[in-house]
Amino acid sequence: MDTTLQALQSSVARLHAMVGDLDDTQLVAPAYPTDWNIADVLSHIGSGAVIMRQRLEDTLLGQPTPEDFAPGVWDTWNAKSPRSKAEDALVADQGLLDRIESLTASERSRFRFSLGPVNLDFDGFVGLRLNEHAFHAWDIEVALDPAAVVPPDAAAQVVDNLELIARFTAKPTGSDRSVAVRTIEPRRDFTITFSPDEVALAAGESRHEPDLVLPAEAFARLVYGRLDPDHTPSVNGDVDTLEELRRAFPGL
């Protein structure tokens, strides 16, 4: 079975075990993005599942998803109570996973999904859901356990999909240089190039020794704007460089 799908299955099971027994008070406690509570994060996971499932169905049928579909879903979920957000999110989350698993080998091989200028095959589509799922599950888990990290199986997948998100979220810092980053568990190498107008992240070993060495899950969280000082593991490298990378990747 594909490792990306396995990681998504694990993330879904982990989330459901994590939040299934939360009481009403816990559901309205702050999550990692402090302007959201745990129920709000679950609502985002649930509404995202509904939207992605519709896009999946439309892709299989060879038709576009109506532009007003996603805003209508968000309006519906925003109006739910915290308890409904939580319960409905788990149902929608599992429903999307079940539908993904149900695709035949032929459907998977022919699957092509367009997201703006980006074209994804089946594995890329699953990876897109895994990225969103893993980080939002962490947003909840870290509110319950400050030592939480992105699980190794998910981190091993999302660390190879960081260039896509960096295209949309990276912000110039005023620097004009390159930074070499090496991750461990798994080992990967990245070069981050700063210019006055943009920041580009590319996989591949730099010509010079790494400026920073850190766990893959931590670097993935950094690119997603989730590596504040209180949730940063041991990092080998220059503190000022790490702080500049935090500014360059403020998150969504």
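Above this text you will find the structure in question.
Since this is a predicted model, take the numbers as computed values, not measurements.

Asker: What's the story with the sheet that holds strand 4 (residues 188-194) in this structure? I'm lost.
Answerer: In a beta sheet, neighbouring strands pair by backbone hydrogen bonds and run either parallel or antiparallel. One open sheet accounts for five strands, arranged 5-4-3-6-7; its pairing is mixed. For this open sheet the edge positions go to strand 5 (199-203) and strand 7 (236-237), each flanked by a neighbour on one side alone. By the bridge criterion, six bridges tie strand 3 (residues 178-184) to strand 4 in an arrangement that is antiparallel. By the bridge assignment for strand 4, Ala 180 is matched with Thr 191. Packing of helix 10 (residues 216-223) onto the sheet brings it into contact with strand 3, strand 4, strand 5 and strand 6 (212-215), and relative to strand 6 it is tilted by some 105°. Here helix 11 (residues 239-248) sits on the sheet in contact with strand 3, strand 4, strand 5, strand 6 and strand 7, set at roughly 75° to strand 4.

Asker: Is there a simple way to explain the packing of aromatic side chains in this structure?
Answerer: Describing an aromatic ring pair means giving the distance of the ring centres and the angle of the ring planes. Scanning all chains against the criterion turns up six aromatic pairs. Pairing Phe 111 with Phe 122 gives two aromatic rings, centres 6.3 Å apart and planes at 90°, and the pair type is edge-to-face. In this pair, Phe 111 is assigned in the loop between helix 6 (105-110) and strand 1 (113-115) and Phe 122 in helix 7 (residues 122-144), connecting sequence segments 11 residues apart. Summarising the aromatic geometry, the rings of Phe 113 and Phe 125 are spaced 5.1 Å apart at their centres and angled 80° between planes, so their arrangement reads as edge-to-face. Placement of the pair is Phe 113 in strand 1 and Phe 125 in helix 7, with a sequence separation of 12 residues. Here Phe 125 falls in the buried class, since its relative accessible area comes to 0%. Ring pairs connect the aromatic residues Phe 111, Phe 113, Phe 122 and Phe 125, which therefore count as one cluster. Its guanidinium or amino end placed over the ring of Trp 77, Lys 80 lies 4.7 Å from that ring's centre, counting from NZ or CZ.

Asker: Looking at this structure, I do not really get the pairing of strand 3. What am I missing?
Answerer: Walk down a regular strand and you will see the side chains alternate between the two sheet faces. Taking burial as the measure, the seven residues of strand 3 include five buried ones, the bulk of the element. Joining the antiparallel neighbours strand 3 and strand 4 is a turn of three residues, in which Glu 185 adopts a positive phi near 55°. Here strand 3 runs beside strand 6; their pairing, made up of four bridges, is parallel. Bridge pairing in strand 6 places Ile 184 opposite Pro 215.

Asker: Even after reading the chapter, I still don't get helix 4 (residues 69-78), so can you show me in this structure?
Answerer: Two residues of an α-helix separated by three or four positions point the same way, owing to the 3.6 residues in each turn. Those residues of helix 4 not exposed but buried are Ala 70, Val 73 and Trp 77. Within helix 4, the buried residues cover an arc of 60° as seen down the axis, which keeps them to one side. Structural note: helix 4 exposes Asp 75 and Asn 78 on the side pointing more than 90 degrees away from its buried face. Considering only its buried residues, helix 4 is in contact with helix 3 (38-61) and helix 5 (82-102).

Asker: Looking at this structure, I do not really get the packing of helix 3 against helix 7. What am I missing?
Answerer: For any two helices packed against each other, the geometry is given by the interaxial angle and the distance between the axes. Contact geometry for helix 3 and helix 7: axes closest at 10 Å, N-to-C directions at 170°. By the criterion of interaxial angle, the relationship of helix 3 to helix 7 is roughly antiparallel. Between helix 3 and helix 7, the contacting residues are Ile 38, Val 41, Leu 42, His 44, Ile 45, Gly 48, Ala 49, Met 52 and Leu 56 on the first element and Phe 125, Leu 128, Arg 129, Glu 132, His 133, His 136, Ala 137, Asp 139, Ile 140, Ala 143 and Leu 144 on the second. Classifying every residue of the contact of helix 3 with helix 7 gives 13 nonpolar, four polar and three charged.

Asker: Help me understand the environment of Val 223 in this model?
Answerer: Looking at the element boundaries, Val 223 is found in helix 10. When neighbours within four sequence positions are excluded, Val 223 is seen to be in contact with Leu 162, Ile 165, Ala 166, Thr 169, Leu 201 and Phe 249.

Asker: How should the pairing of strand 4 be read in this particular structure?
Answerer: Most of strand 4 is tucked away: five of the seven residues are buried. As paired strands, strand 4 and strand 5 are joined by five bridges and run antiparallel to one another. When the bridges of strand 5 are listed, Phe 194 appears paired with Val 199. The turn linking strand 4 back onto strand 5 is made up of four residues.

Asker: Help me out: how do you make sense of the side chain of Thr 169 in this one?
Answerer: When you line up the elements, Thr 169 lands in helix 9 (residues 162-169). Residue Thr 169 is classed as buried on the basis of its relative accessible area of 4%. Not counting chain neighbours up to four residues away, the residues in contact with Thr 169 comprise Val 223, Ala 248, Phe 249, Pro 250 and Leu 252.

Thresholds, definitions, all that
- Residues numbered from 1 in each chain as written.
- Predicted model: local features only at pLDDT ≥ 70, side-chain atom pairs only at ≥ 80, totals over all residues.
- Heavy atoms only, no water.
- Pairing = 2+ DSSP bridges.
- Helix = DSSP H or I, 4+ residues; strand = E, 2+ residues; numbered from the N terminus.
- Contact = heavy atoms within 4.5 Å.
- Axes fitted to C-alpha atoms, helices over the stretch in contact; angles between N-to-C directions.
- Phe/Tyr/Trp six-rings, centres within 6.5 Å; stacked < 30°, edge-to-face > 60°.
- Buried < 20%, exposed > 50% of the residue type's maximum accessible area, 1.4 Å probe, protein only.
- Lys NZ or Arg CZ within 6 Å of the ring centre and 35° of its normal.
- Arc of directions from axis to C-beta.
- Parallel < 35°, antiparallel > 145°, perpendicular 65-115°, else oblique.
- Nonpolar A, V, L, I, M, F, W, Y, C, P; charged D, E, K, R; others polar.

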